[in-house]
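# Topology and contacts: notes
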Amino acid sequence: MKPPRKLHIKSYGCQMNVYDAQRMVDTLAGEGFVETDSAEDADLVILNTCHIREKASEKVYSELGRLRVAKDEAARNGREMRIAVAGCVAQAEGEEIIRRAPTVDVVVGPQSYHHLPQLLARAKSHGRALETEFPVEDKFGFLPPPKPAAIRARGISSFVTVQEGCDKFCTFCVVPYTRGAEVSRPVAKIIDDVMRLADNGVREITLIGQNVNAYHGEGPDGRTWPLGRLLTRLAEIPGIARLRYSTSHPRDVDDSLLEAHRDLPELMPFVHLPVQSGSDRILAAMNRKHTADDYRRVIDRFRASRQDIAFSSDFIVGFPGETEGEFAATLALVTQIGYAGAYSFKYSPRPGTPAADMRETVSAAEMDERLGRLQELIDSQQSAFNKAMIGKTVDVLFERAARNPGQIVGRTAYLQPAHVMASPDIIGKVLPVAIDSLERYSLLGELAGASARPTLSTLSPMTDSSQVNAGA
Ligand code: SAH
Ligand code: SF4
Ligand code: F3S
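In this text, all values refer to a predicted model and were calculated from it rather than measured experimentally.

## Some words on the domain arrangement of the protein chain
- In terms of domain boundaries, the protein chain breaks down into domain 1 (5-131), domain 2 (153-257), domain 3 (269-387) and domain 4 (393-463).
- In this assembly, 7 residues from domain 2 lie in contact with 13 residues from domain 4.
- Of the roughly 700 Å² buried where domain 2 meets domain 4, counting both sides, 57% is carbon and sulfur surface.
- Its largest share of buried area at the contact with domain 4, domain 2 owes to Ile156, Arg242 and Arg244, together 71% of the area lost on that side.

Listed below in structure tokens is the structure:
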């Protein structure tokens, strides 16, 4: 038997890239590849790239510089290393990568990675291969062949893509160009994936999409199902304790989604709902097609459907022409809503987007200053939200052994990490925890009603699984 070939994959960007990287591993497992932590030892290195901000895209070329050295070293030792660039930079700048980086063997866009085995073969016979074709239909298995590999469980919590692409065209954003038009997977395929994951021990599913609540997939009844209906169906699958979805857009919040929050205990009361700015003039220039008041009303509707619901968001500071007064409107919105957490970014002009041609720029110093003020406000809201957990008893889904011996870590409904001393057989269970303190971002507590404490010998080591957030 041939020894397995080693695959190293490095992913940047959003949750969908994390998911796509796992799918690439699943696809290449069929070709005899096993994952390795070290790029130097790998027979194939894949960079799964992100194009969202300049800093993210520039990382690719510096990483390729390092990989070239490793590839040359491997060649000196008589070993062949192949390098592939996947993800959104591959989609946006595929030709340029081929031109600028002779070390790259394969360039593959986010809609074509299930063709990796064929592309590697093509690179072997023809030298190099580039594939950045749409449509996404192909990847979602509508068209034979090849079909994507079956989804594999990894731990307690899993992402499942239900929707990909975006038709919104915010003026600052590359996603509609790198991920293409909005496409929803049929309900039956999603149910198959979730059942398969549940059978293999997964207890929490996060449905992901660039615009997940624009979901409009074909149902088994031949009708178009909205996200709320899909969630209601998935909640019936045995073994699924928790459902989440990300990232949603304020314009696509419909009654089915609010009813799902009202009716489904499995649906977690924590919603990532990016708003970007609190100024109506800036929102219009961003082509968000909603005002700050529209957003406030959406938040109110969520709160009316479930009173313990909490929110996170994304913000951009220093969008072209943003005045101090317009930035103050963002601070006012944040103050009024009260977030459990949020991501904030300095505006980064992206080639090919309409905002990149806007001339009224905000100075770097001003952007830094505004980002600092916004982050300070968000941090204070986040820490108040976390501190409010102390003294409460909250449900935690336990995921794995923590670094400290004897401790098991899980997450609350609001994705806060929570640590308890307990036996590893609580992994995969949702149990009430009495929270007694907060250490940085982690809650510490005791199983409510817990009696026996485990001894060290009953602990089994588990691998780390980290959560990644949208474009963070
Ligand atoms: N599909 C999601 C998020 C896409 S990208 C949505 O519509 O909300 C994640 C975040 O990156 C965005 O919400 C935005 O805050 C930020 N972002 C996108 N383009 C950016 C740019 N050109 N400069 C700075 N931040 C940007
Ligand atoms: Fe689409 Fe979100 Fe990008 Fe706007 S910010 S274009 S909604 S992905
Ligand atoms: Fe692409 Fe996700 Fe980045 S969609 S551009 S990898 S944030």
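Now, onward.
## Focus: the site of ligand 3
- Around ligand 3, the surrounding shell consists of Cys14, Asn17, Thr49, Cys50, His51, Ile52, Cys88, Arg179 and Gln210.
- Across the shell around ligand 3, the residue classes tally to 4 nonpolar, 4 polar and 1 charged.

## Quick notes on the site of ligand 1
- Looking at ligand 1, there are 14 residues lining it, with Phe172, Gln210, Gln276, Asp314 and Ser348 nearest.
- A distance of 2.6 Å separates a nitrogen atom of ligand 1 from a polar atom in the backbone of glutamine 210.
- Burial of ligand 1 by the protein chains amounts to 93% of its free accessible area of 540 Å².
- Going through the elements one at a time, β15 (310-317) and β16 (341-346) are the ones with two or more residues in the shell around ligand 1.

## Side note on the packing of helix α9 (residues 255-263) against helix α11 (residues 292-305)
- Where α9 contacts α11, the axes come no closer than 8 Å and their chain directions differ by 35 degrees. Residues Asp255, Leu257, Leu258, His261 and Arg262 of α9 form the contact with α11, whose own contacting residues are Arg301, Phe302 and Ser305.

## What about the sheet that holds strand β19 (residues 417-421)?
- Pairing within the closed barrel is mixed, and its 5 strands lie in the order β17-β18-β19-β21-β20. This sheet shows a mean twist of 55 degrees between the axes of neighbouring strands, independent of strand direction.

## Examining the nonpolar core
- Counting 75 residues, the largest nonpolar core has Ile46, Leu207, Tyr245 and Phe302 as its most contacted members.
- Dropping the residues within four chain positions of it, tyrosine 245 is found in contact with Thr206, Leu207, Val212, Leu227, Leu231, Leu257, His261, Leu267, Val271 and Phe302.
- Core analysis: the second largest hydrophobic core is formed by 23 residues, Met389, Val396, Ala418 and Ile427 among them.

Quick notes on the rules
Residues numbered from 1 in each chain as written. Chains lettered and ligands numbered in written order. Predicted model: local features only at pLDDT ≥ 70, side-chain atom pairs only at ≥ 80, totals over all residues. Heavy atoms only, no water. Domains from an automatic or database assignment. Contact = heavy atoms within 4.5 Å. Buried area = accessible area lost by both parts, 1.4 Å probe. Near = heavy atom within 4 Å. Nonpolar A, V, L, I, M, F, W, Y, C, P; charged D, E, K, R; others polar. Polar contact = N/O pair within 3.5 Å; in protein donor to acceptor, adjacent residues only side chain to side chain. Areas by Shrake-Rupley, 256 points an atom, 1.4 Å probe, with all protein chains shown as cover. Helix = DSSP H or I, 4+ residues; strand = E, 2+ residues; numbered from the N terminus. Axes fitted to C-alpha atoms, helices over the stretch in contact; angles between N-to-C directions. Pairing = 2+ DSSP bridges. Core = buried A, V, L, I, M, F, W, Y, C linked by side-chain atoms within 4.5 Å. Buried < 20%, exposed > 50% of the residue type's maximum accessible area, 1.4 Å probe, protein only.

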